[in-house]
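Breakdown of the fold
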Amino acid sequence: MYEPIRTKSVHTMAGTTSDFPHRSREEALDIQLAGHLAALLAATDELRALAPSAELDTAAERLAEQVTRLRGSTPPVRATATAPARGPHAAVLHRRAHALAGRALVVAASRADTAAAILSAERMDAHSAALAGPRERVAAG
């Protein structure tokens, strides 16, 4: 039906080559996943400051390991575990962390990163349970 294009595109400059680096899809997904996990780590550190727990400490360490792996041995910047003077309510932080874990899970699944996907799913479950409250956790368990 249509005749194929036989000339070069008018949108590329003649005689130039692409001398700037391009990222592969996998590299772009690595960067995106590392960003989501780093944001989840920041939310986890904020939650640790509000209500310290061994589970949050373990989760924060596992998140830091995954971010370091994805960034090529560059460790993430961590927040200090001091209680904020007027920090956001824990429920707001759990909702934010749940959403961030969901985003990380989607990217990890598209990247086929099993370790990051499992960690993201576990964090989603943990934040859902924290939002459900003690009554619903006892009924569910």
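Up top is the structure.
Reference entry: report on the structure contained in this document. (Residues numbered from 1 in each chain as written. Predicted model: local features only at pLDDT ≥ 70, side-chain atom pairs only at ≥ 80, totals over all residues. Heavy atoms only, no water.)

Details of the packing of helix α1 (residues 25-50) against helix α2 (residues 54-70)
- One can describe the packing of α1 onto α2 by two numbers: an axis separation of 9 Å at closest approach and a directional angle of 155°. One element, α1, and the other, α2, form an angle in the roughly antiparallel class. Crossing geometry of α1 relative to α2 is assigned as left-handed. On α2, the residues touching Asp30, Leu33, Ala34, Leu37, Ala38, Leu40, Leu41, Thr44, Asp45, Leu47 and Arg48 of α1 are Leu56, Asp57, Ala60, Leu63, Ala64, Gln66, Val67 and Leu70. (Axes fitted to C-alpha atoms, helices over the stretch in contact; angles between N-to-C directions. Helix = DSSP H or I, 4+ residues; strand = E, 2+ residues; numbered from the N terminus. Parallel < 35°, antiparallel > 145°, perpendicular 65-115°, else oblique. Left-handed = near helix turned anticlockwise from the far one by under 90°. Contact = heavy atoms within 4.5 Å.)

Here's the deal with the nonpolar core
- Judged by nonpolar contacts, the single largest core of 23 residues is most densely connected at Leu33, Leu37, Leu40 and Leu63.
- When contributions to this core are tallied by element, the ones reaching two or more residues are α1, α2, α3 (90-111) and α4 (114-140).
- No other element matches α1, which puts eight residues into this core.
- Those residues in contact with Leu33 that lie beyond four places of it in its chain are Leu70, Ala104, Val107, Ala108, Arg111, Asp113 and Ala116. (Core = buried A, V, L, I, M, F, W, Y, C linked by side-chain atoms within 4.5 Å. Buried < 20%, exposed > 50% of the residue type's maximum accessible area, 1.4 Å probe, protein only.)

With respect to the pattern of salt bridges
- Summed over the entire model, instances satisfying the criterion amount to 10 salt bridges.
- The closest approach of N and O atoms between Arg111 and Asp30, which form a salt bridge, is 2.0 Å. Remark: Asp30 occurs in helix α1 and Arg111 occurs in helix α3; sequence separation between them is 81 residues.
- For Glu61, the salt bridge is made with Arg78, and the minimal N-O distance between the two is 3.4 Å. Of this pair, Glu61 sits in helix α2 while Arg78 is found in the loop between α2 and α3, placing the two residues 17 residues apart along the sequence.
- Salt bridges sharing common partners tie together Asp45, Arg48, Asp57, Glu61 and Arg78. (Salt bridge = Lys/Arg side-chain N within 4 Å of Asp/Glu carboxyl O.)

What to know about the side chain of His127
- By the element assignment, His127 lies in helix α4.
- Overall, the relative accessible area of 0% leaves His127 in the buried class.
- For His127, the side chain forms a polar contact with the side chain of His94, separated by 2.9 Å.
- When sequence neighbours within four positions are dropped, the list of residues in contact with His127 reads Leu40, Leu47, His94, Ala97 and His98. (Polar contact = N/O pair within 3.5 Å; in protein donor to acceptor, adjacent residues only side chain to side chain.)

Some points on the environment of Arg25
- Looking at the secondary structure, you find Arg25 in helix α1.
- On the basis of relative accessibility, which here comes to 58%, the residue Arg25 falls in the exposed class.

Some words on the side chain of Arg123
- Here Arg123 shows up in helix α4.
- The residues touching Arg123, leaving out its near neighbours within four places in the chain, are Leu40, Glu55, Leu56, Ala59 and Ala101.

Points about α2
- With 17 residues, α2 should cover 24 Å at 1.5 Å per step; its first-to-last C-alpha distance of 25 Å lies within 8% of that length.
- Among all positions of α2, only Leu56, Ala59, Ala60, Leu63, Ala64, Gln66, Val67 and Leu70 are buried. Axial view of α2: buried residues confined to an arc of 165°, hence all on one face. The exposed set on the far side of α2, more than 90 degrees from its buried face, consists of Ala54 and Glu65.
- Positioned one or two residues after α2, Gly72 has a phi angle of 75°, which is positive. (Expected span 1.5 Å × (residues − 1). Arc of directions from axis to C-beta.)

Re the packing of α1 against α3
- The N-to-C vectors of α1 and α3 enclose an angle of 160°; their axes lie 9 Å apart at closest approach. Relative to α3, α1 is oriented roughly antiparallel. Our pair here, α1 against α3, has a crossing hand that is left-handed.
- Tallied by class, the residues present in the contact of α1 with α3 amount to 16 nonpolar, four polar and seven charged. (Nonpolar A, V, L, I, M, F, W, Y, C, P; charged D, E, K, R; others polar.)

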